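# Remarks on the overall topology
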Amino acid sequence: MMLPLLVFTDLDGTFLSEGGEDYQEALPGFKLLRRKRIPVVFLTGRTFPETEKFVRSLSPKSPFSVENGGALYFPQDLDLAGTEGLPLRGRYRKMVLSGGVEGCSEFLSEFSKEAGVEIFSFRDFSSQGLSEATGLPLAKAALAQEREFDLPFFPPSLPEPLLKEFLARVQREGLTLHRGARFWSLSRGCSKGLALETVRRLYIRKYDSMVPFTIALGDGDDDFSFLQIADYKVLIRREGYDSEGLASHLFGCRVSESLGAKGWSEEVHRFFELFKGW
C-alpha cells in the first residue's frame, strides 16, 4: 500500500509566474494532482485577504498558510481532527503559529536611526505609495498591508559590517528574518517549515497513523525551512538566482529546468514518472 501524499508549495515565482498572478502554466500539473485527490497546501508570504480568494477557487478543501507560516487556515468543512474549536475567520478555522507583528516596525525604525540608513517597511507607506513602490495595483497593495504576523520591508543597501550588525541585532531581539526575492521580512517566529510539520502531524491522525509522503516546491531562501524537511523537494528555477547554490544545501533537492509555473507543472509530472505507483 502506497503512502498518502501531501503537496506543499510556495506561490510567487513557484506556482505563480514571477511578479504576477498567472498560474496557467501550472494548471496541467495541478489538474493531475486534483484528479488523484492529492491535497495541495499553499504556503505563502501573502496576507490572508490576498490569499483566501485565490485558494478558494483552486484548492477549497485544503489548508493554507499565510505570512510565511504565521498562521494556518483550515476550511470548516475539512474533517481534520485537532482543528475543532479553533477561532473562525470567515469559512476557515484559524491556527496561529507565531507571535504578532508588533515591535517589528519599531525595531526597523530604531536601527535606521542608529545606523543612519533608511529602511522602509510596508507600514511606512500609504496604499497609494506602496502601489507606486511595488507596482501592485492599488487594491492589492491595500490587502498586502493587512499584516498580522510578518512585516515585509525593502532590503537595505548596507555595507558588510553594518549588515552583520543588523543580522546580529535581529537575532538578539528574538526576531525571524526571511529574505525573499523582492522583499525581506521580520516576524516573531514565522516559519513555513513549522506550517508543513503542523499540517503533516494533523494528517497523520486523519490517515490512521500513516505518515504522509510530502512533496515541497519553492523558489528561494524563504522556502528553505519547509523544503529541508520534505521527503521530496524541488527548487523551481528563478531567473537571476543561484538555484543550484541553494539546492546544494538541501539533500536530494531537484532544480527544475524551466522557470516558475511551467517548471512547477513539469516537476509534478516528473514525480509521477519517477514513482509510477502513486
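It should be emphasised that the depicted structure is a prediction, and the values quoted were computed from it without experimental measurement. (Residues numbered from 1 in each chain as written. Predicted model: local features only at pLDDT ≥ 70, side-chain atom pairs only at ≥ 80, totals over all residues. Heavy atoms only, no water.)

## As for the packing of aromatic side chains
- Applying the stated criterion across every chain, the model contains 31 aromatic pairs.
- Consider the rings of Phe15 and Tyr23, whose centres lie 5.8 Å apart with planes at 25 degrees: the pair is stacked.
- An aromatic cluster of three or more residues is present, and its members are Phe15, Tyr23, Phe30, Phe42, Phe54 and Trp264.
- Over the aromatic face of Phe272 sits the side chain of Lys36, whose NZ or CZ is 4.8 Å from the ring centroid.
- Against the face of Tyr241 rests Arg238, its NZ or CZ located 4.0 Å from the ring centre. (Phe/Tyr/Trp six-rings, centres within 6.5 Å; stacked < 30°, edge-to-face > 60°. Lys NZ or Arg CZ within 6 Å of the ring centre and 35° of its normal.)

## A look at the sheet that holds strand E7 (residues 150-153)
- The antiparallel open sheet is built from 3 strands, whose spatial order is E7-E9-E8. One side of each edge strand has no neighbouring strand; the edge strands of this open sheet are E7 and strand E8 (176-179). Along the sheet, successive strands turn relative to each other by an average axial angle of 25 degrees, direction set aside.
- Summarising the sheet, E8 and strand E9 (residues 184-187) pair through 4 bridges and their orientation is antiparallel. Bridge pairing links Arg179 to Trp184 in E9.
- Its contacts with the sheet place helix H6 (residues 160-172) against E7, E8 and E9, and it is angled at close to 130 degrees to E8. (Pairing = 2+ DSSP bridges. Helix = DSSP H or I, 4+ residues; strand = E, 2+ residues; numbered from the N terminus. Axes fitted to C-alpha atoms, helices over the stretch in contact; angles between N-to-C directions. Contact = heavy atoms within 4.5 Å.)

## Topic: the environment of Ile215
- Mapping Ile215 onto the fold places it in strand E10 (residues 213-218).
- The class for Ile215 is buried, based on a relative accessible area of 6%.
- It is 5.9 Å that separates the C-alpha atoms of Ile215 and Lys233, two residues lying 18 residues apart in sequence.
- Sequence-distant contacts of Ile215, that is, excluding residues within four places in its chain, are made with Leu5, Leu6, Val7, Phe8, Tyr232 and Phe271. (Buried < 20%, exposed > 50% of the residue type's maximum accessible area, 1.4 Å probe, protein only.)

## Description of the nonpolar core
- Grouped together as the largest cluster of nonpolar side chains are 37 residues, with contacts concentrated most on Phe15, Phe42, Phe54, Trp264 and Phe272.
- No other element matches helix H10 (residues 260-274), which puts 5 residues into this core.
- Not counting residues up to four positions away in its chain, the partners in contact with Phe272 are Leu5, Leu32, Leu33, Lys36, Ile38 and Trp278.
- Counting 26 residues, the second-largest nonpolar core is a separate cluster that includes Leu80, Ala216, Leu227 and Val255. (Core = buried A, V, L, I, M, F, W, Y, C linked by side-chain atoms within 4.5 Å.)

## Some remarks on unusual backbone geometry
- Phi at Glu67 is positive, roughly 50 degrees, even though this residue is not glycine.
- Within the element layout of this structure, Glu67 appears in the loop between strand E3 (64-66) and strand E4 (71-75).

## What about the pairing of strand E6 (residues 92-96)?
- With 4 of 5 residues buried, E6 lies mostly within the body of the structure.
- With 5 bridges joining them, E4 and E6 adopt antiparallel strand pairing. Note that in E6 the partner of Leu72 across the bridge is Met95.
- For strand E5 (residues 88-89) and E6, the ladder comprises 2 bridges, and the chain directions are antiparallel. For Arg89, the partnering residue across the bridge sits in E6 and is Tyr92.
- Between E5 and E6, which pair antiparallel and follow one another directly, the connecting turn spans 2 residues, one of which, Gly90, has a positive phi of 65 degrees.

## Here we look at a negative patch on the surface
- A cluster of acidic residues, Glu102, Glu106, Glu110 and Glu173, forms a negative patch at the surface.
- Positionally, Glu102 belongs in the loop between E6 and helix H3 (104-115).
- Classification of Glu102 as exposed rests on a relative accessible area of 57%. (Patch = residues over 30% accessible without salt bridge, like charges linked within 9 Å, V, L, I, M, F, W, Y side chains within 5 Å. Areas by Shrake-Rupley, 256 points an atom, 1.4 Å probe, with all protein chains shown as cover. Salt bridge = Lys/Arg side-chain N within 4 Å of Asp/Glu carboxyl O. Lys, Arg positive; Asp, Glu negative; His and termini not counted. Charge placed at Lys NZ, Arg CZ, Asp CG, Glu CD.)

## Looking at the pattern of salt bridges
- The full count for this structure, using the stated rule, is 19 salt bridges.
- Linking Glu67 and Arg147 is a salt bridge whose minimum nitrogen-to-oxygen distance equals 3.9 Å. With Glu67 in the loop between E3 and E4 and Arg147 in the loop between helix H5 (138-144) and E7, this pair connects stretches of sequence that are 80 residues apart. Considered together, Glu67 and Arg147 belong to a single accessibility category, that of buried residues.
- Here Lys94 and Glu148 are joined by a salt bridge, their closest N and O atoms 2.8 Å apart. Of this pair, Lys94 sits in strand E6 while Glu148 sits in the loop between H5 and E7, and the two are 54 residues apart along the sequence.

## Overview of the pairing of E4
- Burial analysis of E4 places 5 of its 5 residues in the buried class, which makes it a mostly covered element.
- Side-chain alternation along E4 places Ala71, Tyr73 and Pro75 on one buried face and Leu72 and Phe74 on a second face that is also buried.
- Sheet topology places E3 next to E4; 3 bridges connect them, and they run antiparallel. From the neighbouring strand, Val66 faces E4, where its bridge partner is Ala71.
- In sequence, E3 turns back onto E4 through a hairpin of 4 residues, with Glu67 there showing a positive phi of about 50 degrees.

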